[in-house]
Amino acid sequence: MAKAKSKSKRKLKTLDKRIGTRITNLRVKQGYTRDEMAERVGISCKFLYEIEGNKKGFSALTLYRLSIALGVSMDYIITGSEFKGSGKK
């Protein structure tokens with residue numbers, strides 16, 4: 001059981017690292033400084049630095065604000081790909 005938890009934690013840490021890197025890459029690609037992006041999102045520059053450096057997690061509201069500011073879906077920030085729904089209602 002301990003091995004399963006350890007493997008799960010490693011996957012989560014890897015995913016977290018990709019999230020911070022993805023946010024940084026999107027921000028830089030769009031030409032925003034960390035100060036400018038933090039202001040757009042409504043968070044401190046230090047907090048954005050910690051998110052991008054995988055030092056802090058963030059709320060769903062911050063995820064939403066980041067996605068709006070970066071012009072991508074929340075799915076993209078988390079997984080690196082857009083969600084393809086079934087289209088059923």
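Residues numbered from 1 in each chain as written. Predicted model: local features only at pLDDT ≥ 70, side-chain atom pairs only at ≥ 80, totals over all residues. Heavy atoms only, no water.

## With respect to the pattern of salt bridges
- This model, assessed by the stated rule, comprises four salt bridges.
- Notably, a salt bridge pairs Arg34 with Glu52, separated by 2.9 Å at the nearest N-O pair. Of this pair, Arg34 sits in helix 2 (residues 34–41) while Glu52 sits in helix 3 (residues 45–52), placing them 18 residues apart in sequence.
- By relative accessible area, which is 26% here, Arg34 ends up partly exposed.
- We note a salt bridge from Glu50 to Lys46, for which the minimum N-O separation is 3.9 Å. (Salt bridge = Lys/Arg side-chain N within 4 Å of Asp/Glu carboxyl O. Helix = DSSP H or I, 4+ residues; strand = E, 2+ residues; numbered from the N terminus. Buried < 20%, exposed > 50% of the residue type's maximum accessible area, 1.4 Å probe, protein only.)

## As for the environment of Glu52
- Judged by its relative accessible area of 7%, Glu52 falls in the buried class.
- Taking C-alpha positions, Glu52 is 7.6 Å from Ile19, a pair spaced 33 residues apart along the chain.
- Aside from chain neighbours lying at most four places away, what touches Glu52 is Gly20, Thr21, Ile23, Thr24, Arg27 and Arg34.
- A distance of 2.7 Å separates the side chain of Glu52 from the side chain of Arg27, its partner in a polar contact. (Contact = heavy atoms within 4.5 Å. Polar contact = N/O pair within 3.5 Å; in protein donor to acceptor, adjacent residues only side chain to side chain.)

## Quick notes on the environment of Glu82
- In this fold, Glu82 is placed in the segment after helix 5 (74–79).
- For Glu82 and Val72, which are 10 residues apart along the polypeptide, the C-alpha to C-alpha distance reads 8.5 Å.
- Residues in contact with Glu82, not counting those within four places in the same chain, are Ser73 and Tyr76.

## Describing the side chain of Glu50
- Structurally, Glu50 can be placed in helix 3.
- In this view, Glu50 contacts Lys55 and Lys56; residues no more than four positions away in its chain are not counted.

## Description of the nonpolar core
- In this structure, Ile23, Leu48, Leu70 and Ile77 are the most contacted members of the largest nonpolar core, which totals 15 residues.
- For this core, the elements supplying multiple residues, two or more each, are helix 1 (2–29), helix 2, helix 3 and helix 4 (60–70).
- The contacts of Ile77, once residues within four sequence positions are left out, are Ile19, Arg22, Ile23, Leu63, Leu66, Ser67, Leu70 and Val72. (Core = buried A, V, L, I, M, F, W, Y, C linked by side-chain atoms within 4.5 Å.)

## A closer look at the packing of helix 2 against helix 4
- At a minimum axis separation of 9 Å, helix 2 and helix 4 run at an interaxial angle of 120°. As the angle between them shows, helix 2 and helix 4 are arranged oblique. The element helix 2 and its partner helix 4 pack so that their crossing is right-handed. Contacts between helix 2 and helix 4 pair Met37, Arg40 and Val41 from the former with Thr62, Arg65, Leu66, Ala69 and Leu70 from the latter.
- Grouping the amino acids of the contact of helix 2 with helix 4 by side-chain chemistry returns five nonpolar, one polar and two charged. (Axes fitted to C-alpha atoms, helices over the stretch in contact; angles between N-to-C directions. Parallel < 35°, antiparallel > 145°, perpendicular 65-115°, else oblique. Left-handed = near helix turned anticlockwise from the far one by under 90°. Nonpolar A, V, L, I, M, F, W, Y, C, P; charged D, E, K, R; others polar.)

Coordinates in, geometry out; function isn't part of it.
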